[in-house]
Amino acid sequence: MSGKSLLLKVILLGDGGVGKSSLMNRYVTNKFDSQAFHTIGVEFLNRDLEVDGRLVTLQIWDTAGQERFKSLRTPFYRGADCCLLTFSVDDRQSFENLSSWRKEFILYADVKEPDRFPFVVLGNKVDKSEREISTVDAETWCNENGGYPYLETSAKDDTNVDGAFEEAVRQALAVEEQVEHSVLGRTIDLHSSQSSGSSCC
Ligand SMILES: Nc1nc2c(ncn2[C@@H]2O[C@H](COP(=O)(O)OP(=O)(O)OP(=O)(O)O)[C@@H](O)[C@H]2O)c(=O)[nH]1
Ligand SMILES: [Mg+2]
């Protein structure tokens, strides 16, 4: 295990009421509030974890999903390492809005290569018996819109909540490793061009 902890910023986006704050609170404090208030602006909490032998400090940014808070949440998108697009399986509209959430994130986070950015899709409230979105519907959307991982969660029952945040870390680490490799590649190129340069002197 590498000793140094890596700070990763993960952001939760999705319609008001889908359960973003509940997921964050379940994950960090292991509590669930059935009377949770709507978030105003953004809030964040940290949790340390180890994924595949790497020590990570996960900084989870929970945003207000209601449209009227758009200008309060968008300044916080920059620098995110992964974005959790969240909907509620008992709310079709929240699922249909996933594309606009992704668009808003790409615009305000100023993502240079949207096709390579790690999004993870969460279908929350799977404890509810009346579903409007099936697992297959959600998986199909994910496959057709960038091949994003899809996880079904319940903040209420604590179903798959750890798994959801761990997947976010894995996706962010995969990108991190690609960057490390390309930097390493460039370092090697630099050395080889230096050595060929020195041989001519
Ligand atoms: N049954 C069930 N209810 C949930 C679940 N997650 C959240 N809720 C409830 O859904 C309501 C909204 O949850 P929040 O976590 O406040 O939703 P939010 O996405 O943060 O909403 P905004 O802050 O307005 O963007 C609350 O009453 C929660 O108790 C879940 O997994 N199952
Ligand atoms: Mg909230």
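The structure we're discussing is the one just above.
The model shown is predicted, which means the values in this text are computed figures rather than measured ones.

A. Looking closely at the environment of Gly-146. Inspection of the secondary structure puts Gly-146 in the loop between α5 (135–144) and β6 (150–152). Assessed through its relative accessible area of 53%, Gly-146 is described here as exposed. Gly-146 sits 25 residues away from Gln-171 along the chain, and the two C-alpha atoms are 13 Å apart.

B. Fine view of the coordination of the magnesium ion (ligand 2). At 2.0 Å from the magnesium ion (ligand 2) lie its protein donor atoms, namely Ser-21 (OG) and Thr-39 (OG1). On the criterion of sequence distance, the pair formed by Ser-21 in helix α1 (residues 20–29) and Thr-39 in the loop between α1 and β2 (42–51) is long-range, its members being 18 residues apart. Each member of the pair Ser-21 and Thr-39 is classed as buried.

C. Looking closely at the state of the cysteines. In this structure the tally under the stated criterion is zero disulfides. Summary of cysteine pairing: Cys-83 is not part of a disulfide, and the nearest cysteine sulfur, belonging to Cys-82, is at 7.0 Å. As a non-bridged cysteine, Cys-142 has Cys-83 as the owner of its nearest cysteine sulfur, 12 Å distant. Cys-142 gets classed as buried once you look at its relative accessible area, which sits at 1%.

D. Expanded view of the pattern of salt bridges. All told, the structure shown has nine salt bridges when counted by the stated rule. Close ionic contact of Arg-78 with Asp-110 constitutes a salt bridge, the shortest N to O distance being 3.8 Å. Residue Arg-78 is found in the loop between α2 (70–73) and β4 (82–88), and its partner Asp-110 is found in the loop between α4 (98–109) and β5 (119–124); the two are separated by 32 residues along the sequence. A salt bridge links Arg-92 to Asp-137; the shortest N-O distance between them is 3.9 Å. Of this pair, Arg-92 sits in helix α3 (residues 92–96) while Asp-137 sits in helix α5; the two residues are 45 residues apart in sequence, bridging distant segments of the chain. For Arg-92, a relative accessible area of 35% corresponds to the partly exposed category. One salt-bridge network, in which partners are shared between bridges, spans Arg-78, Asp-110 and Lys-112.

Definitions and cut-offs
- Residues numbered from 1 in each chain as written.
- Chains lettered and ligands numbered in written order.
- Predicted model: local features only at pLDDT ≥ 70, side-chain atom pairs only at ≥ 80, totals over all residues.
- Heavy atoms only, no water.
- Helix = DSSP H or I, 4+ residues; strand = E, 2+ residues; numbered from the N terminus.
- Buried < 20%, exposed > 50% of the residue type's maximum accessible area, 1.4 Å probe, protein only.
- Donors = N, O, S within 2.8 Å, 3.2 Å for Na, K, Ca; no water.
- Disulfide = S-S within 2.5 Å.
- Salt bridge = Lys/Arg side-chain N within 4 Å of Asp/Glu carboxyl O.

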